[in-house]
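# Per-entry structural report
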Amino acid sequence: MSENRSALAPLIELRHVDKHYGSLRVLKDITLSVHKGEVVAIIGPSGSGKSTLCRTINRLETIDSGEIVIDGEVLPQEGKKLAELRAQVGMVFQSFNLFAHKTILDNVIVGPREVLHTPKKAAEEEAMRLLKRVGVEEQARKVPAQLSGGQQQRVAIARSLAMHPKAILFDEPTSALDPEMIGEVLDVITELAKDGMTMVIVTHEMNFARRVADRIIFMEDGAILEENTPEAFFTEPKTQRARDFLNTLKDRDK
């Protein structure tokens, strides 16, 4: 972070959040704050609860106890207020989630038109500007199946930006991509970070997390085990579990 934000209220706050799938406790007393303009990367082994945590922030996953606060307002479980607060937090998924039958342009304008009630011409003009920003403006009249995975994910980012979100959540945004497409998506996210977008990013791309994040959250077995700056986490992890995790990655990359 470029400035001291400790005195400012968090933009996203989770307070003692618990979640179960039946008898399995998948989130254990999660308390986490994300300030405006901050980029937080959530990492950890498979099954540690990273994606579930990300998806609870805008209630795509319900919680059993605790509170989630968006810009000072507690997120309700349902109703109009939930829809209003959810619209303030964008989400980019592993699998793009574009409407297959709509053109790229129509995918980007559907939210502004239906939720924000933006006039069609204004929505289309902004959509084209955003598609240019992510480098796919020439694909505007195509349908998703005509694009590469990397292009589809960049469209998904443009679609999220079109809603003017206060923050964007990324749930493993590169895990469904071929290796040569990963870089083009990470480059777009890196530019968003430079522009000051608040982001929570679940990722297994460690070099990217180290380069872009202001803070690393390391999860294991549904709990946050460690929280630190990228430099401190990757050079001197505090827990043995984090050390083992990083050593496993080093061995895999040899």
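Attention here is on the structure that accompanies the text. (Residues numbered from 1 in each chain as written. Predicted model: local features only at pLDDT ≥ 70, side-chain atom pairs only at ≥ 80, totals over all residues. Heavy atoms only, no water.)

### A few points about the pairing of strand S3 (residues 39–43)
Where we set the bar: Think of it in three bands: residues with accessible area under 20% of the maximum for their type are buried, residues over 50% are exposed, and the middle band is partly exposed, with areas taken using a 1.4 Å probe on protein chains only. What counts as a helix is a DSSP run of H or I of at least four residues, what counts as a strand is a run of E of at least two, and both are numbered from the N terminus. For two strands to be treated as a pair, DSSP must find at least two bridges joining them.
With respect to burial, S3 is a largely interior element, five of its five residues being buried. Residues Val39, Ala41 and Ile43 line one face of S3 and the alternating positions Val40 and Ile42 line the opposite face, and both faces are buried. Two strands pair when backbone bridges link them, and S3 and strand S8 (residues 198–202) are joined in this way by four bridges, in the parallel orientation. Bridged to valine 40 within S8 is valine 200. Examined bridge by bridge, S3 and strand S9 (residues 215–220) share four bridges and lie parallel to one another. The residue of S9 that forms the bridge with isoleucine 43 is phenylalanine 218.

### Remarks on unusual backbone geometry
Phi at histidine 16 takes a positive value of approximately 50°, unusual for a residue other than glycine. Within the fold, histidine 16 resides in strand S1 (residues 12–21). Overall, the relative accessible area of 49% leaves histidine 16 in the partly exposed class. Positioned with a positive phi, aspartate 29 is a non-glycine residue whose angle comes to about 50°. Mapping aspartate 29 onto the fold places it in strand S2 (residues 24–34).

### What about the side chain of threonine 52?
Cut-off, in case you're wondering: In this analysis, two residues are considered to be in contact whenever any of their non-hydrogen atoms come within 4.5 Å of each other.
Along the chain, the position of threonine 52 falls in helix H1 (residues 50–56). Apart from residues lying up to four places away in sequence, threonine 52 is in contact with Lys19, Tyr21, Val26, Leu27 and Glu61.

### Focus on the sheet that holds S1
Here four strands make up an open sheet; going across it, the order is S2-S1-S4-S5 and the pairing antiparallel. Of all strands in the sheet, those bounded by a partner on one side alone are S2 and strand S5 (73–74). Relative to strand S4 (residues 65–70), S1 is paired through five bridges, and the arrangement is antiparallel. Paired with arginine 15 across the strands is glutamate 67, a residue of S4.

### Let's talk about the sheet that holds strand S7 (residues 167–171)
Note the cut-off: For helices, the fitted axis covers only the stretch in contact; all axes are lines through C-alpha atoms, and the angles between them, taken along N-to-C directions, range from 0 to 180 degrees.
Here six strands make up an open sheet; going across it, the order is S6-S7-S8-S3-S9-S10 and the pairing mixed. Each edge of the open sheet carries a strand with a single partner, namely strand S6 (89–92) and strand S10 (223–228). Each adjacent strand pair in this sheet contributes to an overall mean axis angle of 20°, direction not counted. As defined by bridge partners, S6 adjoins S7 across four bridges and the pair is classed as parallel. In the sheet register, methionine 91 faces S7, and the bridge partner there is leucine 169. Contacts from helix H5 (residues 149–161) reach S6 and S7, with the element oriented near 170° to S6.

### Some remarks on the packing of aromatic side chains
Spelled out, the test is: Two rings belonging to Phe, Tyr or Trp (six-membered ring only in the last case) form a pair when the distance between their centres is within 6.5 Å. Interplanar angles under 30 degrees mark stacking, angles over 60 mark edge-to-face geometry, and anything in between is tilted.
Taken as a whole and judged by the stated rule, the model has three aromatic pairs. Each ring, one from phenylalanine 218 and one from phenylalanine 233, has its centre 5.8 Å from the other, and the planes form 35°; the classification is tilted. Placement of the pair is phenylalanine 218 in strand S9 and phenylalanine 233 in helix H8 (residues 230–235), with a sequence separation of 15 residues. Across the pair, exposure class does not vary: phenylalanine 218 and phenylalanine 233 are buried alike. The rings of Phe218, Phe233, Phe234 and Phe245 are connected pair by pair, giving a single aromatic cluster.

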